[in-house]
Amino acid sequence: MTEQEAVPAGIDPSIPSVARMYDYYLGGKDNFASDREAAEQFIRIVPGIREMARDNRAFLSRAVELLARQGVRQFLDIGSGLPTRDNVHQVAQRVAPESRVVYVDNDPIVLVHGRALLEDNAFTSVVQADMREPEKLLTHPQVESAIDFTRPVAVLMVSMLHFIPDDALVARIMSEIRQRLVPGGHLVITHAFEAEVSAEVREAGQKVYRSTSAGALTSRGPEQLAELLSGMDLLEPGVVPVEAWRPEYDEDVTVDFTKPGILGVVGRL
């Protein structure tokens with residue numbers, strides 16, 4: 001994508017977007033020069049970020065497939081990002097074609113690309129809303145018309161909460177979502193984890209993300225994620241690095257909380 005192409009209203013291509021940076025980590029083309037420059041700065045600080053992004057995406061696919069096989073037929077993907085391979089609706093609808101999926105994002109470019117991809121899919125929609133306003137998001141007319149909250153819903157927040165440094169706001173978002181879930185509902189979360197990195201590396205990484213539209217990057221550990229899901233049943237193996245959550249490729253993958261990475265967890269009411 002170049003700045004000479006049509007840019008949706010509300011987008012400043014000179015400001016890096018976390019959605020477009022993630023697209024770049026995954027090898028996508030839907031990003032501007034500012035996104036690529038910021039992403040490359042972060043790659044120099046965290047050389048394994050591309051692999052982390054791929055592992056994060058693979059975790060999402062495994063979690064969605066598992067929940068679809070267990071009978072979940074509604075998925076609300078908050079902060080869905082740009083379409084890539086094995087999107088939530090593709091994974092869920094391979095298992096059960098009647099699965100309903102609502103993608104939510106606040107980036108207009110995500111909306112444009114998502115709607116183009118989904119225009120012929122009657123069971124999938126894309127909504128513009130912000131996770132920082134959970135009440136508005138959950139009562140958005142398009143969300144309420146597509147999702148029946150009296151039945152089990154899987155709410156996905158994959159690599160989103162680490163963009164909110166305010167623990168109280170994170171707790172409120174989670175509380176609002178959990179209040180809408182009925183028994184059989186699920187929360188699927190992944191979150192950046194800095195582990196044993198130096199203060200210099202931590203500050204350098206945060207500086208890159210302070211320049212983005214999100215404006216922050218915050219690490220939270222396994223205990224903090226488990227606390228967000230307090231009272232829910234955590235599907236085995238609980239809170240672990242995403243590559244160690246029911247891996248298809250290596251059942252003996254090591255759970256290592258000492259290196260930077262992304263943690264994943266699935267909770268069930």
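Residues numbered from 1 in each chain as written. Predicted model: local features only at pLDDT ≥ 70, side-chain atom pairs only at ≥ 80, totals over all residues. Heavy atoms only, no water.

S.K.: Give me the nonpolar core: which residues, what numbers.
M.R.: By size, the foremost hydrophobic cluster in this structure holds 45 residues, and its most contacted members are Y25, F75 and Y209. At 10 residues, helix α3 (residues 49-69) tops the list of elements feeding residues into this core. With near-sequence residues (within four places) excluded, Y209 lies in contact with V18, M21, Y25, F42, F163, G215, A216 and L217. Of all hydrophobic cores here, the second largest spans 36 residues; its members include A129, V170, I189 and F193. (Core = buried A, V, L, I, M, F, W, Y, C linked by side-chain atoms within 4.5 Å. Buried < 20%, exposed > 50% of the residue type's maximum accessible area, 1.4 Å probe, protein only. Helix = DSSP H or I, 4+ residues; strand = E, 2+ residues; numbered from the N terminus. Contact = heavy atoms within 4.5 Å.)

S.K.: An account of α3 is needed here, citing residue identities and associated values.
M.R.: Compared with an ideal rise of 1.5 Å per residue, which puts 21 residues at 30 Å, α3 spans 30 Å between its outermost C-alpha atoms and is within 8% of the ideal. Of all 21 residues in α3, 15 are buried; the element is thus mostly enclosed. After α3 finishes, the residue G71 shows a positive phi value of roughly 105 degrees. (Expected span 1.5 Å × (residues − 1).)

S.K.: Tell me about the packing of aromatic side chains, and name the residues and values.
M.R.: With the rule as written, the count across this model stands at four aromatic pairs. Look at F59 and W245: their rings are 5.2 Å apart centre to centre, the planes differ by 75 degrees, and that puts the pair in the edge-to-face class. Highlighted residues: F59 in helix α3 and W245 in the loop between β7 (240-241) and β8 (261-268), separated in sequence by 186 residues. Take F59 and W245: they sit in the same class, and that class is buried. (Phe/Tyr/Trp six-rings, centres within 6.5 Å; stacked < 30°, edge-to-face > 60°.)

Any functional reading would require information beyond the geometric quantities listed.
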